[in-house]
Amino acid sequence: MATQEKYQPTEKAQAFLDKVENAKYKREIVMGLKRFIDNKVPEEMQGFYTEDELKELIDLKNTTHDVEARMPVKITNHYYQIAKNSEAVRTLVKASPKETFDLEGAADPGKQMTYSPLEGLIHKYELGLIYVTNTCSAHCRFCYREELIAKKEILREDGTVASKGLAKLPELVEYIKEHNKIVAENGGRHPETNREKLREILMSGGDPMVLSNKNLAEWFSALADAGIDSIRLGTKELAFYPDRFDQTFFNMMDDWHAAYPEVQFRLMVHFNHPDEFLQKDENGNYIENPEGGLVWIESTKRAVKELADRNYITIENQAPFIKGVNHNPDAIRILQRELKRNRINNHYFFCGRDIIGHKAFNLTIEDAWNLLNDSQKGLSGVEASARLSITHYLGKTEVVAVTNEPMKGVPGTENGVVIFKLLRGAADASNKGQVAIVGRNPEAIWFSGYEDRVIYDEAGLFTETMKSTSEVEQETDNATV
Ligand code: SF4
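Just so it is clear, the model here is predicted, and its values are computed rather than measured.

**A look at helix α5 (residues 77-84)**
Here is step 1: Judged by how many residues are buried, α5 sits mostly within the fold: six of eight residues are covered.
Here is step 2: For α5, the full list of buried residues reads Asn77, His78, Tyr79, Tyr80, Ile82 and Ala83.
Here is step 3: Residues of α5 that are buried make contact with β2 (74-75), α6 (87-93), α10 (237-240) and α12 (298-308).

Below is the structure:
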């Protein structure tokens, strides 16, 4: 495909871009363990890692168990202030030797190249995912994009080894236009892949909110001009640095909406734990707001209100369940209730993936289902809208139920069953809605843990095409950002 050197905005886009202002942000980021080791962090942060913790981490440096080779350490001052008073948040953001005790797992859990017609684009459904940056304001230790963020070299489909690249605007716009033209000429389906029009793009990374307003504006206008109906942006910035959502950002968004009023904007946010947005009193308890609900961290509350007040923006939370971070039904219940009260929809919770080091982070599938189910006891239907998802290479799959009683006359169900349902399928989604039923295995963290106890598999999750844990397909609207 012939591509332009540099993307040329349309006249309409240029008129919008001319109005966009950049701003400077004080994230006060500490990057790298070395800053803690050399005591070159602000005074109040100096005890964040104890001497013993640092010693253990230093001993691993330059060995195969080096934690920063797996995922670089990074934290904003805002997130540090929360972490000081939250064990869950400390576990999320502090490096630990546990991460590399057991290095089993996939180097490239996303298997990006399988559905990647262009560098930095995954095109599997009517939704495409693009990588626009390879960093975030802080780094979650459990991140499933660790190969992108740590810039690891991965084995590609053509046998070459290279790190993952980012999407390039001119190439992407040409690809979208070309794909959609072929689809339109062929009655609504691509003749080779059977995919529909590419109508939605998820901007991901890394966290796109680390980009400047001008840079974001260029992406938004170019995608709208290419015929995209809906732009999603995955971000954890409301937790890491809510002041990024400042007036210059909202001015840009409002001007973009004025120029492209029919294009939807879906902000996919990522809160793992209510400690990331709620204030606590001196005893560590959340504070009742006499006017209703609980008291939020002011800057987060302001940013969420500004976002939710705009009717062209919807906000959806999706987050993985992580050992030591949010394996707590009470916390997850409060999270769902407070998010919904503040106009953030509860979209998905995710089972972990088999990334390198996953054993330090992943709950079992059955524990994850019990966690969500327990957390939703006492929630209203609108608050309890989130589903538990696990990504199969065939498509996004829901863990629908875990039962405790045997099914009379059905061998293999003595301890109860787990029911999976395919929520989405690649291409024409012909298998959407199909289910698989397996006998329980309380130790299973992945589909492979059920391969020897399949009872019914209409969805084909466990047929001979069952892939090994390293061949899990990238979900295109995933939790990580
Ligand atoms: S999980 Fe998301 S927010 Fe956290 S480091 Fe990874 S990409 Fe960034």
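**What about the layout of surface pockets?**
Here is step 1: Each pocket or cavity is described by its volume, and for the largest pocket that value is around 430 Å³.
Here is step 2: In terms of lining, the largest pocket is formed by 20 residues, of which the most central are Arg90, Thr91, Lys94, Ser96 and Lys98.
Here is step 3: Taken together, the residues that form the lining of the largest pocket break down as eight nonpolar, three polar and nine charged.

**What to know about the sheet that holds strand β13 (residues 395-402)**
By way of backbone hydrogen bonds, the strands of a sheet pair with one another, either parallel or antiparallel.
Here is step 1: The strand order across the open sheet formed by twelve strands is β3-β4-β7-β8-β9-β10-β11-β12-β13-β14-β15-β16, and the pairing between neighbours is mixed. This sheet does not close on itself; its edge strands, each paired only once, are β3 (121-123) and β16 (454-457). Between one strand axis and the next, the sheet turns by 25° as a mean value, whatever way the strands run.
Here is step 2: Strand direction decides the pairing type here: strand β9 (residues 264-269) and strand β10 (residues 313-320), joined by five bridges, are parallel. Paired with leucine 267 across the bridge in β10 is isoleucine 315.
Here is step 3: Across the face of the sheet, helix α8 (residues 169-185) comes into contact with β3, β4 (127-131) and β7 (200-204) while running at roughly 15° to β3.

**Points about the confidence of the model for the chain**
Here is step 1: Per-residue confidence for the chain averages 91 on the pLDDT scale, and 92% of its residues sit at or above 70.
Here is step 2: Segment residues 464-479: pLDDT under 50, and 71 contacts once partners within four positions in sequence are set aside and those in other chains are kept.

The rules behind the values
- Residues numbered from 1 in each chain as written.
- Predicted model: local features only at pLDDT ≥ 70, side-chain atom pairs only at ≥ 80, totals over all residues.
- Heavy atoms only, no water.
- Buried < 20%, exposed > 50% of the residue type's maximum accessible area, 1.4 Å probe, protein only.
- Helix = DSSP H or I, 4+ residues; strand = E, 2+ residues; numbered from the N terminus.
- Contact = heavy atoms within 4.5 Å.
- 1 Å grid on protein atoms, 1.4 Å probe; cavity = no way out; pocket = protein on both sides within 12 Å on 5 of 7 lines; lining within 4 Å.
- Points joined across faces, edges and corners; volume = space filled by probe spheres on them.
- Nonpolar A, V, L, I, M, F, W, Y, C, P; charged D, E, K, R; others polar.
- Pairing = 2+ DSSP bridges.
- Axes fitted to C-alpha atoms, helices over the stretch in contact; angles between N-to-C directions.
- pLDDT = per-residue confidence, 0-100.

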